[in-house]
Amino acid sequence: MSDPLPGTFDVIVHPVPELRGTLTAQPSKNYTTRYLLAAALSEGRTRVVGAATSEDAEAMLRCLRDWGAGTEHVGQDVVVTGFGARPRSGVTLNPGNAGAVARFLMAVAALTGETQFVTDYPDSLGKRPQADLLQALERLGARTASVDGHLPVTVAGGNLRGGQVEVSAERSSQYASALMFLAPLLPEGLDLRLTGDIKSHAPLRQTLDTLAAFGVRATASDDLSRIRIPGGQTYRLERAEVPGDYPGSAALLAAAAVLPGEVTVSNLRAADLQGEREAIDVLRAMGADITREGERVTVRGGRPLHAVTRDGDGFTDAVQALTAAAVAATGTTTWENVYTLRLKECDRISDTRHELEALGLQTAETRDSLSVTGGPVAGGVTVDGHGDHRMIMLLTLLGMRAAAPLRITGAHHIRKSYPGFFAHLTALGGRFEYAPNTREE
Ligand SMILES: O=C(O)C1=C[C@@H](OP(=O)(O)O)[C@@H](O)[C@H](O)C1
Ligand SMILES: C=C(OP(=O)(O)O)C(=O)O
């Protein structure tokens, strides 16, 4: 789908009376990045069916090409010719603003003599911590360099054997996922011990699911604190079908819950390892009329919503979307156990509070929680998208039911995970204007 929107833009969100229609969920960001990487680590050709076309997907493809993978777009699919355990050495990779892409590739870089990682987002990805992963790689015998555990980073490996290694999973699951992709290609594999209070179990299970799909043997304890992956294995899968994306769809479902009308989103597997599937249960618990028929989820909007308190770690990428529902709800909603939101594209706890207070809403935060009290959204002001696609989703949903139009700066950053977001909402009845970007980048 060609993108008709300007390269950079603010968006002016107009309030609308209702949302109505049926949409197909966009392809999963998490499975696109995983399948493209696993395909490149294979010796042969893999057809990744229905891959996402977001900036993060393009960042992964760009880096894999730089490492020597062949990539060919065939319709909505990508045919990848892999480099197996021999990515090109001496390359500088630019993962854009994609955290999972950067982490996964930093671990695989231990197969190369040397790989440099840079980013054009010093105030976003450049601020996100990498030390937990770099320390684990050094324990395995790689040499690394960084700016106090931040990008730009250099990883130099080449003759790692593998074995037992600890990695903290307290700040992100991505470090462990990254090592899991490296493990089968090391002679002795990896006996991974995940330390600390493990966060984001769902993406870890998506990684295990991907390894299994590509024929890589792995065993994991029930709590995922120990993951063993034998060495000397190869990745192989001819066809990898990308499922629908739950984090982005959670924003559509939350939009439908806070406005009158009826919206159906298809291509959402009932049995899916994406933790943001839980957004359906959360919206239902808040009072939304939300039902499922197979892979189709329907919301009949406009029902009165009430506040909830939930552990948000299980659906970390849907917390911002569900915060829009919390604003429409009676009472105070609290998302608990969400410290890792501070380590994403922005600080999604404090920055959410700042923008919601600018809209006249009452919020509170602790180190690892965010509370929002439902209330009217004034609108008629400009809010900052913080260069964060999930913040832009939240603010857009608030603008659609505000008293006056809401301007969001730097709204083009939506393309990180959901380039078709505004087109999808327009098809349901949303009304948007696109103005020159005013966000200091
Ligand atoms: O493994 C992945 O693909 C991801 C894991 C999660 O990050 P954390 O593990 O840092 O919570 C999630 O927020 C991110 O969007 C994608
Ligand atoms: C934080 C996210 O992605 P990543 O960590 O891959 O940048 C996200 O998609 O919300």
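Conventions used here
Residues numbered from 1 in each chain as written. Chains lettered and ligands numbered in written order. Predicted model: local features only at pLDDT ≥ 70, side-chain atom pairs only at ≥ 80, totals over all residues. Heavy atoms only, no water. UniProt positions renumbered as here; feature names shortened; annotations may be inferred. Core = buried A, V, L, I, M, F, W, Y, C linked by side-chain atoms within 4.5 Å. Buried < 20%, exposed > 50% of the residue type's maximum accessible area, 1.4 Å probe, protein only. Contact = heavy atoms within 4.5 Å. Helix = DSSP H or I, 4+ residues; strand = E, 2+ residues; numbered from the N terminus. Pairing = 2+ DSSP bridges. Axes fitted to C-alpha atoms, helices over the stretch in contact; angles between N-to-C directions. Parallel < 35°, antiparallel > 145°, perpendicular 65-115°, else oblique. Left-handed = near helix turned anticlockwise from the far one by under 90°. Nonpolar A, V, L, I, M, F, W, Y, C, P; charged D, E, K, R; others polar. Near = heavy atom within 4 Å. Polar contact = N/O pair within 3.5 Å; in protein donor to acceptor, adjacent residues only side chain to side chain. Areas by Shrake-Rupley, 256 points an atom, 1.4 Å probe, with all protein chains shown as cover. Salt bridge = Lys/Arg side-chain N within 4 Å of Asp/Glu carboxyl O.

By the naming in an unreviewed UniProt entry, the protein chain is 3-phosphoshikimate 1-carboxyvinyltransferase, taken from Deinococcus aquiradiocola. UniProt's Subunit (unreviewed entry) comment on the protein chain is quoted here verbatim: "Monomer." Entered under Sequence similarities (unreviewed entry) in the UniProt record, the comment concerning the protein chain runs "Belongs to the EPSP synthase family."

### Quick word on the nonpolar core
Within the largest apolar cluster, 73 residues are counted, with the highest numbers of intra-cluster contacts made by Leu-105, Leu-137 and Leu-179. Non-local contacts of Leu-137, meaning those with residues more than four positions away in its chain, are made with Met-106, Ala-107, Ala-110, Ala-142, Thr-144, Val-155, Leu-179 and Leu-182. If you look at the next biggest cluster of nonpolar residues, it comprises 72 residues, including Phe-9, Ala-250, Val-308 and Ile-414.

### Topic: unusual backbone geometry
Omega for the bond connecting Leu-151 with Pro-152 falls within 30 degrees of zero, at 0°, which places this linkage in the cis form. In this fold, Pro-152 is placed in the loop between strand 8 (143-145) and strand 9 (153-156). The phi dihedral of Leu-224 falls on the positive side, at around 65°, and the residue is not glycine. Note on placement: Leu-224 falls in the loop between strand 12 (219-220) and strand 13 (226-229). Positive phi is not limited to glycine here, since Asn-337 has a value of about 60°. Relative to the helices and strands, Asn-337 is located in the loop between strand 21 (332-336) and helix 10 (350-358). When its relative accessible area of 21% is taken as the criterion, Asn-337 is described as partly exposed.

### Quick word on the sheet that holds strand 2 (residues 19-24)
Pairing within the open sheet is mixed, and its four strands lie in the order 2-15-17-16. Each edge of the open sheet carries a strand with a single partner, namely strand 2 and strand 16 (289-293). For this sheet the average axis-to-axis angle between neighbouring strands, irrespective of direction, equals 15°. Two elements, strand 15 (residues 261-266) and strand 17 (residues 296-301), share five bridges in a ladder whose sense is antiparallel. By the bridge assignment, Thr-264 is partnered in strand 17 with Thr-298.

### Here we look at the packing of helix 11 (residues 389-399) against helix 12 (residues 421-428)
Packing of helix 11 against helix 12 leaves a shortest axis separation of 12 Å and a crossing angle of 20°. When the axes of helix 11 and helix 12 are compared, the pair comes out roughly parallel. Considering how the two elements wind past one another, helix 11 and helix 12 form a crossing that is right-handed. Here Ile-392, Met-393, Thr-396 and Leu-397 of helix 11 lie close against helix 12, whose contacting residues are Phe-421, Phe-422 and Leu-425. Residues of the contact of helix 11 with helix 12, tallied by class, amount to six nonpolar, one polar and no charged.

### Topic: the site of ligand 1
Looking at ligand 1, there are 13 residues lining it, with Ser-172, Ser-173, Ser-200, Asp-317 and Lys-344 nearest. Interatomic distance of 2.7 Å between a side-chain N/O atom of Arg-34 and an oxygen atom of ligand 1. Ser-173 places a side-chain nitrogen or oxygen 2.6 Å from an oxygen atom of ligand 1. For ligand 1, whose free accessible area comes to 390 Å², the fraction covered by protein is 95%.

### Side note on the UniProt feature "active site" (unreviewed entry) in the protein chain
Within the UniProt annotation, "active site" (unreviewed entry) is assigned to Asp-317. Note on placement: Asp-317 falls in the loop between strand 19 (309-311) and helix 9 (319-328). Judged by its relative accessible area of 13%, Asp-317 is buried.

### Describing the site of ligand 2
Of all residues adjacent to ligand 2, which total 14 residues, the nearest are Lys-29, Gly-99, Arg-128, Gln-174 and Lys-416. At 2.8 Å from an oxygen atom of ligand 2 is found a side-chain nitrogen or oxygen belonging to Gln-174. Between Glu-345 and ligand 2, the recorded distance is 3.4 Å, taken from a side-chain N or O atom to an oxygen atom. About the coverage of ligand 2: the protein hides 98% of its 300 Å² of free accessible area.

### Side note on helix 11
With eleven of eleven residues buried, helix 11 lies mostly within the body of the structure. Taken together, the buried positions of helix 11 are His-389, Arg-390, Met-391, Ile-392, Met-393, Leu-394, Leu-395, Thr-396, Leu-397, Leu-398 and Gly-399.

### Topic: the pattern of salt bridges
Enumeration over the complete set of coordinates arrives at 30 salt bridges. A salt bridge links Asp-191 to Arg-226; the shortest N-O distance between them is 2.6 Å. With a gap of 35 residues between them, Asp-191 in strand 11 (residues 190-195) and Arg-226 in strand 13 connect regions that are remote in the sequence. Arg-226 sits in the partly exposed class, given a relative accessible area of 27%. Linking Lys-416 and Glu-345 is a salt bridge whose minimum nitrogen-to-oxygen distance equals 2.7 Å. A residue pair is termed long-range when its members are at least 10 positions apart, and Lys-416 in the loop between strand 25 (406-409) and helix 12 and Glu-345 in the loop between strand 21 and helix 10 qualify at 71 residues. With a relative accessible area of 5%, Lys-416 lands in the buried category. Looking at Glu-345, the relative accessible area reads 6%, which means it is buried. Taken together, the salt bridges that share partners define one network made up of Asp-56, Asp-317, Glu-345, Arg-348, Asp-388, Arg-390 and Lys-416.

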